[in-house]
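Geometric and topological summary
Next come the chains, spelled out residue by residue.
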Amino acid sequence: MDKLRAKVSGIHGYVPEYRLTNKELESLVDTNDEWITSRTGIKERRILKGENQGTSVLGMGAVQGLLEKTATDPLEIDLIICATVTPDMPFPATANIIAEKVGAKNSFSFDVGAACSGFLFALQVGAQFIQAGTHKKVIVVGADKMSAIVDYQDRTTCILFGDGAGAVLLEPTTENLGLMDALLKSDGAGENYLHMKAGGSRRPASMETVANREHYAYQEGATVFKFAVTNMADVSAEVMERNGLKGEDVAWLVPHQANKRIIDATANRMNIGPEKVMMNIERYGNTTAATIPLCLWEYENQLKKGDNLILAAFGGGFTWGAIYLKWALDYKK
Ligand code: UT7
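What this report covers is the structure whose coordinates are included nearby. These numbers come from a predicted model, not from an experiment.

The next subject is the packing of aromatic side chains. The tally for this structure, following the rule as stated, stands at 8 aromatic pairs. Geometrically, the ring pair formed by F314 and F318 is tilted, given 5.0 Å between the ring centres and 45 degrees between the ring planes. Accessibility expressed as a relative area gives 3% for F318, which makes it buried. Here the aromatic rings of F314 and W320 are separated by 6.0 Å at their centres, their planes lie at 35 degrees, and the arrangement is tilted.

Set out below in structure tokens:
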């Protein structure tokens, strides 16, 4: 029997309306458009406003749109996996909430937490259910409301992050398409450089943790930068090499959008020209688990069936990885 693979049979994204510009950030912290643009490539990010609006609102926007676009009955969905570090609440899982909101009554659902590499980790997990032959329609959604955990008094982090979600539908195929290979890594020693200090079981919320502003993302930017460039490029190069791919065989590099300088350095190391690198960081900033599916969504009309894509990410944990995906869709309006 031909090998069963998981192909992406649909992609959709969702971003909230509100645009937080560099200009507006200038009124919140001591920064300026020139510094932000030259050091990160970011011009604006989307922010989900309003009371009681959690990550599930973003995830639902992406999943609902995906179901409509692919004419899929929500009752046919077997599994929904949500990659996020900003769940609506510690429990239940945000994936459970999304499943309920879109009417996926027959699916089971759970969250995956791998920070900025979350979408890649969840994609590989979802693909396993397809490849095992036990599940036929799996949705993987990367969704983060980073504005909920960003300290708008900390100029080193608040300029970086935004809110958004992107989702893919995975289905089985026996064609030589879909998820071809994955190389995923993690190293808990990275904890010190990128984390949220309080709000978990080690340091539950208290008056003190709130007063100390410990419920926000903390990052030692320069250290993370260094690890991100090396590790993202290393795994991408290894995945290309073990699949016999050279720079010219890769149609697109789809990198996590954390910093334009990290993306450029990774592409350079992989010998891939800027014209083949997906980038939308200038409009969305770093949306954590949503960056990669948001890129795929926005570049969908330039993708052809059979295109070789390398998806690459680096983030909190540390976690990092690269996935070789052979695109299975010819774009239809
Ligand atoms: O997605 C998860 C993984 N995360 C990442 O991959 C992010 C990795 N890190 C980065 O992207 C970069 O390190 C940052 C964009 C966060 C910072 O850029 P940097 O070039 O590494 O700057 P730096 O932290 O070394 O700071 C350089 C200077 C400092 O001033 P002094 O000490 O040289 O006087 C900072 O205080 O820039 C200052 N600075 C700012 N100035 C204006 C830091 N943030 C700002 C700001 N506006 N927003």
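Here 4 strands make up an open sheet; going across it, the order is β8-β13-β12-β11 and the pairing mixed. Where the open sheet ends on each side, the last strands, each with one partner, are β8 (178-186) and β11 (252-255). Taken pair by pair, the neighbouring strands of this sheet meet at an average axis angle of 15 degrees, ignoring direction. Taken together, the 8 bridges between strand β12 (residues 308-315) and strand β13 (residues 319-326) define a ladder with antiparallel strand orientation. What sits directly across from L309, in β13, is L325. In this fold helix α5 (residues 118-131) packs onto β8, β12 and β13, with an angle of close to 130 degrees to the strand it touches most, β8.

We now examine the nonpolar core. Across soluble globular proteins, nonpolar side chains show a tendency to be buried alongside one another. With 80 residues, the main nonpolar core has V254, L309, I310, L311 and W327 as its most contacted residues. Residues from two domains meet in this core; each of domain 1 (5-176) and domain 2 (180-326) gives at least three. Not counting the four nearest positions on each side in its chain, V254 is found in contact with M278, I292, C295, L296, L309, I310, L311 and A312. Residues L58, V63, C82 and A165 belong to the second largest nonpolar core, which totals 21 residues.

Glancing now at the site of the ligand. Every one of the 23 residues lining the ligand counts as a neighbour, but T31, R39, R155, N259 and N286 are closest to it. Within the contact set of the ligand, a nitrogen atom lies 2.9 Å away from a side-chain nitrogen or oxygen of Q219. Take H256: an N or O atom from its side chain is 2.9 Å from an oxygen atom of the ligand. Contributions of two or more residues to the shell around the ligand are made by α2 (33-40), α7 (221-242) and α8 (260-270).

Rules used in this analysis
Residues numbered from 1 in each chain as written. Predicted model: local features only at pLDDT ≥ 70, side-chain atom pairs only at ≥ 80, totals over all residues. Heavy atoms only, no water. Phe/Tyr/Trp six-rings, centres within 6.5 Å; stacked < 30°, edge-to-face > 60°. Buried < 20%, exposed > 50% of the residue type's maximum accessible area, 1.4 Å probe, protein only. Pairing = 2+ DSSP bridges. Helix = DSSP H or I, 4+ residues; strand = E, 2+ residues; numbered from the N terminus. Axes fitted to C-alpha atoms, helices over the stretch in contact; angles between N-to-C directions. Contact = heavy atoms within 4.5 Å. Core = buried A, V, L, I, M, F, W, Y, C linked by side-chain atoms within 4.5 Å. Domains from an automatic or database assignment. Near = heavy atom within 4 Å. Polar contact = N/O pair within 3.5 Å; in protein donor to acceptor, adjacent residues only side chain to side chain.

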